Amino acid sequence: MKLTYRYEQISARLQLEGLPDVSIGQGEQVLGILTGWTLTLAGRPELEGKRDHLVALIEVVLPYARHLVSDVPKAFGPATSPVTIEPRGTGHRLLLRSSQPNTEPLDLQLDDAELADLVSCLDQARLDWRVQLPLGLPAAQPLKRRELLVRTPLAQRLAAPSAEPPRWRSPPPWH
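What counts and how
Residues numbered from 1 in each chain as written. Predicted model: local features only at pLDDT ≥ 70, side-chain atom pairs only at ≥ 80, totals over all residues. Heavy atoms only, no water. Helix = DSSP H or I, 4+ residues; strand = E, 2+ residues; numbered from the N terminus. Expected span 1.5 Å × (residues − 1). Buried < 20%, exposed > 50% of the residue type's maximum accessible area, 1.4 Å probe, protein only. Axes fitted to C-alpha atoms, helices over the stretch in contact; angles between N-to-C directions. Parallel < 35°, antiparallel > 145°, perpendicular 65-115°, else oblique. Left-handed = near helix turned anticlockwise from the far one by under 90°. Contact = heavy atoms within 4.5 Å. Core = buried A, V, L, I, M, F, W, Y, C linked by side-chain atoms within 4.5 Å. Pairing = 2+ DSSP bridges.

### Details of helix α1 (residues 51–69)
Between its first and last C-alpha atoms α1 spans 27 Å; for 19 residues at 1.5 Å apiece the expected length is 27 Å, and the two agree. For α1, the complete set of buried residues consists of His53, Leu54, Val55, Ala56, Leu57, Ile58, Val60, Val61, Leu62, Tyr64, Ala65 and His67. Positive phi appears at Asp71, one or two residues downstream of α1, with a value of about 65 degrees.

As structure tokens, this is what we get:
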């Protein structure tokens, strides 16, 4: 009894295929064993992979988007990872490395809308109660204080506070 769940946005579609894990008592509608997944990004080749590739995609893209929304853009994914993403110009460079030998990495340039659609599809799959895969994803962590300090201009951080705080005038008495 093969299950297929699809998550779609305007420029992205993620499809998960698998089976319930009956050894742990999962119901008929629960996908507990991933047999494959495909990701279609508008105008680009269809991507497919194993569980490890999906985990790598989620582990890299979701934290990248969080940092981007927090105005602290930075690259995610080591050079040895199957997936890396970094800011590039006005968009985002998503680099996907195949596990197949002698296969060149796929270098995709995404704009903000395409990245948002990809993030939405990944989030929908990750939060779907019917998908109970043991992905082993780390819990989302708040940004570190030093990452947030980068957002405040250096001159503002180093400027001495004024000697006297502004005083509020009391409203004139009504007569």
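### Side note on the packing of α1 against helix α2 (residues 112–127)
Orientation of α1 relative to α2, taken along the N-to-C sense of each, is 120 degrees, at an axis distance of 10 Å. The orientation of α1 relative to α2 falls into the category oblique. The way α1 lies across α2 gives a crossing that is left-handed. Of the residues in α2, those in contact with Leu54, Leu57, Ile58, Val61, Leu62, Tyr64, Ala65 and Leu68 of α1 are Leu115, Leu118, Val119, Leu122, Asp123 and Arg126.

### Remarks on the nonpolar core
If you look at the biggest cluster of nonpolar residues, it comprises 38 residues, and the most contacted ones within it are Leu14, Leu16, Val61, Leu94 and Leu122. Mapped by element, the contributors of at least two residues to this core are β1 (3–8), β2 (12–19), β3 (33–41), α1, β5 (83–88), β6 (91–96), β7 (106–110) and α2. Looking at this core, the element that brings in the most residues is α1, giving 10 residues. If we ignore the near neighbours within four places in the chain, the residues touching Leu16 are Leu3, Thr4, Tyr5, Tyr7, Leu31, Leu34, Gly36, Trp37, Leu54, Ala125 and Val131.

### Thoughts on the sheet that holds β1
On the basis of which strands lie adjacent, the open sheet formed by 4 strands has the order β1-β2-β3-β4 and antiparallel pairing. Here the strands that pair on one side only, and so sit at the sheet edges, are β1 and β4 (47–49). Between one strand and the next, the sheet's axes are offset by a mean angle of 15 degrees, whatever the strand orientation. Of the strands in this sheet, β2, β3 and β4 are in contact with α1, which crosses β3 at around 55 degrees. Sitting on the sheet, α2 touches β1, β2 and β3, and the angle it makes with β2 is about 25 degrees.

### Some words on the side chain of Thr38
Within the secondary structure layout, Thr38 lies in strand β3. The class for Thr38 is buried, based on a relative accessible area of 19%.

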